[in-house]
Amino acid sequence: MTSLAAVHGVLPPHRYPQDKITEAFAELVGVGPDRVELLRRIHANARVDSRSLALPLEQYRELTDFSAANDAWITVAEDLAVQAIEGALAQAGLAADEIDVLFSTTVTGLAVPSLDARIARRLGLRPDIKRVPLFGLGCVAGAAGIARMHDYLKGWPDQVGVLLSVELCSLTVQRDDTSMANLVGSGLFGDGAAAVVAVGYQRAAREGTAGPRVVATRSALYPDTQGVMGWDIGATGFRIVLTSEVPDLVHRHLGDDVRALLADHGLTTDDVAAWVSHPGGPKVIEAIESELGVGPEALELTWRSLAEIGNLSSSSVLHVLRDTLRDRPPSPGSTGVLMAMGPGFCAELVLLEW
């Protein structure tokens with residue numbers, strides 16, 4: 001089994017309370033007086049208390065086109081990526097030149113060469129490192145990245161892998177979009193990054209690597225749901241697509257998928273000691289609780305992450321995993337489920353063992 005040796009999350013330094021972001025967004029996007037109160041209610045209902053942003057609030061008015069926003073994304077993303085990976089490596093007691101494969105994921109900016117290539121020299125990565133950039137998975141990519149890294153390390157059990165997630169959602173802001181999707185998204189999504197160091201089972205056994213082990217994974221792609229969430233990408237950049245169907249899809253599919261994964265290993269939801277869930281938003285978290293038959297305490301760290309930093313897209317579930325390992329580590333032999341949903345519409349589940 002793949003061992004998750006370390007998880008490190010980082011945030012940009014520009015942190016603001018939700019109400020200050022609300023007022024700045026209303027001014028930037030041009031929300032009229034007749035809709036400002038609606039915007040305030042939407043942002044309050046997101047249950048986000050504060051968020052960290054890639055730039056100081058006053059600089060967002062300078063992002064007059066997609067090129068300027070994407071240039072800012074590259075600059076900030078490189079710095080956060082290096083911080084995340086260096087922090088995770090330090091926790092794991094490994095050096096950058098010990099990384100054999102680097103998976104990187106984002107859905108909030110574009111870079112060619114990809115972000116992993118841009119930071120290779122700064123980190124001191126080997127010239128023969130395998131790079132696997134992932135784009136387009138969105139919120140599900142934190143869980144999917146761990147699953148795909150596990151797939152790789154099953155074939156190369158003596159190697160070290162790193163998953164990097166960088167999401168700067170605020171840099172996708174659309175000045176002329178006062179749609180309900182943009183109003184909701186502007187109150188929910190924040191900026192951040194995270195890195196996970198994973199070790200194949202042969203190396204983990206030889207070196208006594210600590211951390212939860214990946215037992216199995218499960219992927220689910222739901223038919224006829226492509227329009228539920230994602231981006232419309234055009235001349236002005238990333239315009240959010242976000243419908244109210246997400247909680248319904250949780251009710252329709254997620255519970256069955258989780259129970260099927262557990263049943264494959266002779267387990268039920270009662271056997272799960274740690275639920276590590278992406279914080280999609282209040283209605284999504286409530287739907288997950290309902291389908292799993294658990295109370296708010298089971299997803300307390302997910303609720304806390306949403307309140308403290310917002311939804312970081314693919315980085316969020318990795319921050320929740322970090323918080324679980326740091327604040328509420330399960331006892332040895334315990335079972336955990338890490339899960340996220342995202343564009344497609346899809347879900348990715350990871351069965352963990354401590």
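Residues numbered from 1 in each chain as written. Predicted model: local features only at pLDDT ≥ 70, side-chain atom pairs only at ≥ 80, totals over all residues. Heavy atoms only, no water.

The next thing to look at is the domain arrangement of the protein. Partitioning the protein into domains gives domain 1 (2-207) and domain 2 (213-353). Centre-to-centre, using C-alpha coordinates, domain 1 lies 17 Å away from domain 2. Counting residues at the interface gives 57 residues for domain 1, matched by 47 residues for domain 2. Inspection of the domain 1/domain 2 interface yields three salt bridges. The residue Arg239 makes a salt bridge to Asp177 at a minimum N-O spacing of 3.6 Å. Of all the elements in the fold, those that place two or more residues in the side of domain 1 that touches domain 2 are strand E1 (2-10), strand E3 (50-53), helix H5 (141-155), strand E6 (160-168), helix H6 (180-188) and strand E7 (191-199). Per-element accounting of the side of domain 1 that touches domain 2 gives the leading share, nine residues, to H5. Its residues assigned to classes, the side of domain 1 that touches domain 2 comprises 28 nonpolar, 19 polar and ten charged. (Domains from an automatic or database assignment. Contact = heavy atoms within 4.5 Å. Salt bridge = Lys/Arg side-chain N within 4 Å of Asp/Glu carboxyl O. Helix = DSSP H or I, 4+ residues; strand = E, 2+ residues; numbered from the N terminus. Nonpolar A, V, L, I, M, F, W, Y, C, P; charged D, E, K, R; others polar.)

So, about unusual backbone geometry. The residue after Val112, namely Pro113, is reached through a cis peptide bond having omega 5°. Relative to the assigned elements, Pro113 resides in the loop between strand E4 (101-106) and helix H4 (115-123).

With respect to the element layout, Thr324 can be found in helix H11 (residues 316-327). Thr324 sits in the buried class, given a relative accessible area of 4%. If we ignore the near neighbours within four places in the chain, the residues touching Thr324 are Ala274, Val276, Leu301, Pro329 and Pro330. (Buried < 20%, exposed > 50% of the residue type's maximum accessible area, 1.4 Å probe, protein only.)

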